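Reading the structure
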Amino acid sequence: MRLSLVRLTGYALIVSGLALAGCKQDKDSFVNRAYHRLTARDNGWFNANEKLKEIVAGIEDAHVDDFDEVLPLFVDGSEQQSKNATPELEKCIDKCSLVIERHSMDIKGKEKNTWIDDAWFVIARSQYYKRNHSEAERGFAHITRQYKGFNREYDAQIWLARTAIQLEQYGKAQSALDHVANAKKRPKHLDEGLLSAVHAELGLKRGKVDDAILHLERAVPAAQAKRQRVRWAFALAQLYALKGQEQKAIDQFAAVVKMGPPYEMAFHAQIFQALAFNKGDAKSMRKKLNGMLRDDKHIDHFDMIHYALAELDLKERKKDDALAQLRKSVKASTTDTKQKAKSFLKLADIHFDDRKYEPAQQYYDSTKVILDPEHARFDEVETRARVLGELVEQLAIIDREDSLQKLQGMDPDEVLKKIRGIIREREDAEEEARRKEEEAREAPEPAAKAPAAPAPGGRGNWYFYDPQQIGRGLANFRKKWGNRKLEDNWRRADRSGGALAQGEEEEEEEGGKEGKEGKEAAWKDPEFYLRDIPKDDAALAASNARICDALYKSGMIYKEELRDVDNAIESFEVLNNRFEECRFTPESHYQLYRIYLQKENDGWFSLEGFGSKTYADIILERWPDSQFARLVRDPNLLQADAERRAAEESAYREVYRLFRDRSYYPTITACDKVILEEPDNHFRPKYHFLRAMAIGSTRNIPDFRSALVGVKTEFPGTEEAVRAEELLATLDGAAGGAPKPKAPEAAPYTKDDGPHTYVVVIPNEGSDMALAMSAVSDFNTAYFGHTPLQVTSGMLGTDQQLLLISPLPSKTKALEYHALFVGNEDMLQGLADQGYPAFAITQANYTLFYKSKDVAGYQAFFLQNYLDGQ
């Protein structure tokens, strides 16, 4: 006891002595060194370092892993998390900057305070988590140059490598890691696991998976923290699976489970063991997965377990069992739309590979609804759903017309019997469709769970304001609902909202039910079918024409879109055998000629001598003067046509570039030249439409309308004709278009040639008002430098903001401002090019406008009274 008192007294005397000594930073004495080291460590650095640990822990806690991808070896946080954490990270930087300023002892070029490098290390890491990688790189590089032999020299080299990887400077990262790895003597405290993990990260970024595996095998046992060890071990198992080392992957996932990881990681490790299984007896794996199905703890992941069982079935070639498990996976889905999309996609792919296109189309369609647009296969899924939809439509036409033709000439009683059978089949089909639609529908929200404890880094915040909790909640939301835009009524297809709208919806729904019941009553009535049975030669010919058309279109879909030549051959041969001469008979023979010619070029031959020559002879005999006969005689014509098309496309792009550059009259001239001189141009419809758009851009409305009518009548059925019809509907104010606004009959607004304010109405969501005001200020300086204009802003209800420019001294000046504003999309990008309502208004009218908040009403007044209805 006496000894302890002596020590405490001695320590107090030392501290008092240090304080009295003045503690100069430029005097190298034991007392000064002891004071500055002690104060630097215990006052500034310790608090900043603990705060940084807390922030990093919060970022890691908020992170939600995507187990479909190889887990990131390091969790650095999202851009939003970095923004949220920036105020706290700045405090860390400020504290350590103060430490360096007040306690650095740089005497004759040598630092005597051994804690200064630690302060720099906290600053550089704080910059790293702020995503200010260039500043972080400078900080770590400063430590490696200025503090050689200090505690943090090699740590800084490792973090310098991490920063260089983020900057995609892989050579610099390799150099920094080599400097540490080749050091003759490394400090005992150095995190060898981190060193190996950064090596692995660099290997992955360079695509060197084998190198990454080797370094991770060293990193896992050397990891200093359990969280790091578990993450790296899981990623190592994923890389084994990626390289086809199934047994190593299974063993490594099993090792992860034994490490006591978080629930999600432990669950996925068990599932991935089954997914990695490739040979041998799967009984034990099945037993394990079925056991997990009996544990309600996994209820939100039953879909994933069924998916894993389906994968086992597929590896054992039990396709029917796999399909049953995948359907169970879809039914069991509760919260994970990503897994539901995987199950639907697997179902679609299996049916597609089996050439069962109708169920494949349904499953691709269901997949498309819930698949993340950023998914690697999204475009492929969307295309297959569309193409197969078109195919199914053509097959349905063939089936329907065949069914109706079979009813022709039958006994009336037999006809009724047949029709009732068709009705029953349709009822069954609709029931099946309803079932699949129910499967595709997103699951209801699960019961709310108790909130987790606030994450580190925001422990003093209220739960709903805590950035880390917000980040975790956003990640979980996206896991369930996908990347949805933040808006009101986000779960509804119609987001109009409001009690009135809801009432209208209810009325529409009731009316819709009645209409649906009426429609069902119609197709359930045998008369519905009897009226479509062809009763004379003309009706039969029309039915055959529809079958011919559908057979040819389905054949082309098989050939061009699905690359399924067997089904394409079948469709074309059915067409040729069924119809001696129909609209597509020559084309069908030519397509068969092309298919067999390609097969022969690939090495195929027929023992019966049947092939491309068979169809070539038929074409030359039956249609000797057709374009198909010319192509048979000279196959090079097809290549020449393709080359001509490519040249024409290039020329069209040049003319379109003129239009984009707002050279409207040169565009019209170029289009006229092509239209007059190149009647066989492949892009003729596009030239006509581009010419119309260029005319419209000159504000010549009558000629614009005339040109659109020309496109519509000359090229019916084309994309250009459809677009022209839409624009004509807009011009005419027809249904389905955007009608020209009309001023109210008793408009409250008055005309005045005096001072005006220019108003731009901007939506709150997705808009940066400060940026907009800055852009407008620059615009004012450039175009109205001698007119003193003020730029202010205000709110218009809860959803819109007003950007106000005033004072414009007269109506004439206001119109001049409007013309320059709407035409300057370059300087006012994000404003003038967005179609936001913009108009000039007097003070008296502004008072009325602001009170009514009727943007469309005032726009109509402005249109009629300022722009002469243009």
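Residues numbered from 1 in each chain as written. Predicted model: local features only at pLDDT ≥ 70, side-chain atom pairs only at ≥ 80, totals over all residues. Heavy atoms only, no water.

Focus on helix 12 (residues 263–276)
An ideal rise of 1.5 Å per residue puts 20 Å on 14 residues; helix 12 measures up with 20 Å between its terminal C-alpha atoms. For helix 12, a buried count of eleven out of 14 residues is recorded, marking the element as mostly surrounded by other parts of the structure. Within the sequence span of helix 12, burial applies to Met265, Ala266, Phe267, His268, Ala269, Gln270, Ile271, Phe272, Gln273, Ala274 and Ala276. Buried residues along helix 12 sit in contact with helix 10 (226–242), helix 11 (246–258), helix 13 (283–293) and helix 14 (302–315). (Helix = DSSP H or I, 4+ residues; strand = E, 2+ residues; numbered from the N terminus. Expected span 1.5 Å × (residues − 1). Buried < 20%, exposed > 50% of the residue type's maximum accessible area, 1.4 Å probe, protein only. Contact = heavy atoms within 4.5 Å.)

Notes on the packing of helix 4 (residues 116–129) against helix 5 (residues 133–146)
Here helix 4 crosses helix 5 at 160°, and the two axes come no closer than 7 Å. One way to sum up the angle between helix 4 and helix 5 is to call them roughly antiparallel. The chirality of how helix 4 crosses helix 5 is left-handed. Every residue of helix 5 that contacts helix 4 at Asp117, Trp120, Phe121, Ala124, Arg125, Gln127 and Tyr128 is listed here: His133, Glu135, Ala136, Gly139, Phe140, His142 and Ile143. Of the residues in the contact of helix 4 with helix 5, the class split is seven nonpolar, four polar and three charged. (Axes fitted to C-alpha atoms, helices over the stretch in contact; angles between N-to-C directions. Parallel < 35°, antiparallel > 145°, perpendicular 65-115°, else oblique. Left-handed = near helix turned anticlockwise from the far one by under 90°. Nonpolar A, V, L, I, M, F, W, Y, C, P; charged D, E, K, R; others polar.)

Quick look at the confidence of the model for the protein chain
Summing up the model confidence of the protein chain, the mean pLDDT is 80 and the portion of residues at 70 or higher is 84%. Here residues 1–9 scores under 50 on pLDDT; set against residues more than four positions off or in separate chains, the count is zero contacts. In the model, residues 479–519 has pLDDT below 50 throughout and makes 46 contacts with residues more than four positions away in sequence or in other chains. (pLDDT = per-residue confidence, 0-100.)

With respect to a nonpolar patch on the surface
Side chains of Tyr783, Leu820 and Met827 sit close together on the surface and give an oily, nonpolar patch of about 240 Å² of accessible area. Of note, Leu820 is situated in helix 34 (residues 811–823). By relative accessible area, which is 30% here, Leu820 ends up partly exposed. (Patch = residues over 30% accessible without salt bridge, like charges linked within 9 Å, V, L, I, M, F, W, Y side chains within 5 Å. Areas by Shrake-Rupley, 256 points an atom, 1.4 Å probe, with all protein chains shown as cover. Salt bridge = Lys/Arg side-chain N within 4 Å of Asp/Glu carboxyl O.)

A word on the pairing of strand 6 (residues 838–841)
Taking every second residue as pointing to the same face, both faces of strand 6 are buried, with Ala838 and Ala840 on one and Phe839 and Ile841 on the other. As defined by bridge partners, strand 3 (residues 756–763) adjoins strand 6 across four bridges and the pair is classed as antiparallel. Among the inter-strand pairings, Val759 is bridged to a residue of strand 6, identified as Phe839. (Pairing = 2+ DSSP bridges.)

So, the packing of aromatic side chains
One pass over the structure, following the stated rule, counts 47 aromatic pairs. Taking 4.9 Å as the distance between ring centres and 50° as the angle between the ring planes, the aromatic pair formed by Trp45 and Trp115 counts as tilted. A residue pair is termed long-range when its members are at least 10 positions apart, and Trp45 in helix 2 (residues 30–62) and Trp115 in the loop between strand 2 (110–111) and helix 4 qualify at 70 residues. A centroid spacing of 5.4 Å and a plane angle of 45° characterise the contact between Tyr596 and Trp604, whose relative ring orientation is tilted. On the basis of relative accessibility, which here comes to 7%, the residue Tyr596 falls in the buried class. Residue Trp604 is classed as partly exposed on the basis of its relative accessible area, which comes to 31%. Three or more aromatic residues joined by ring pairs make a cluster, and in this case those are Tyr749, Phe839, Tyr846, Phe849, Tyr850, Tyr858, Phe861, Phe862 and Tyr866. One residue, Lys599, lies across the ring of Trp604, its end atom 5.0 Å from the ring centre. A cation over an aromatic ring shows up here: Lys811 above the ring of Tyr866, its NZ or CZ 4.9 Å from the ring centre. (Phe/Tyr/Trp six-rings, centres within 6.5 Å; stacked < 30°, edge-to-face > 60°. Lys NZ or Arg CZ within 6 Å of the ring centre and 35° of its normal.)

With respect to unusual backbone geometry
Following Ser806, the chain continues to Pro807 via a peptide bond in cis, the omega torsion being -5°. Structurally, Pro807 is set in strand 5 (residues 800–808). Even without being glycine, Arg131 reaches a positive phi, approximately 70°. Relative to the elements of secondary structure, Arg131 occurs in the loop between helix 4 and helix 5. On the basis of relative accessible area, Arg131 is assigned to the partly exposed category, the value being 41%. A positive phi angle, close to 65°, is found at Arg662, a residue other than glycine. Looking at the element boundaries, Arg662 is found in the loop between helix 28 (636–660) and helix 29 (664–677). Judged by its relative accessible area of 39%, Arg662 falls in the partly exposed class.

Brief notes about the side chain of Arg684
Of note, Arg684 is situated in helix 30 (residues 684–697). For the buried Arg684, which has no salt bridge, the nearest side chain bearing the opposite charge is Glu714, at an N-O separation of 4.2 Å. There is a polar contact of 2.9 Å between the side chain of Arg684 and the backbone oxygen of Ile675. The contact partners of Arg684, leaving out residues within four places of it in the chain, are Val674, Ile675, Glu678, Pro679, Glu714 and Phe715. (Lys, Arg positive; Asp, Glu negative; His and termini not counted. Polar contact = N/O pair within 3.5 Å; in protein donor to acceptor, adjacent residues only side chain to side chain.)

What about the environment of Gln829?
On the secondary structure map, Gln829 appears in the loop between helix 34 and strand 6. On a C-alpha basis, the gap between Gln829 and Ala772 in space is 9.1 Å, while along the polypeptide they are 57 residues apart.

Points about the state of the cysteines
Under the criterion given, the structure shown has one disulfide. With no disulfide partner, Cys92 has as its closest neighbouring cysteine sulfur the one in Cys96, 7.1 Å distant. (Disulfide = S-S within 2.5 Å.)

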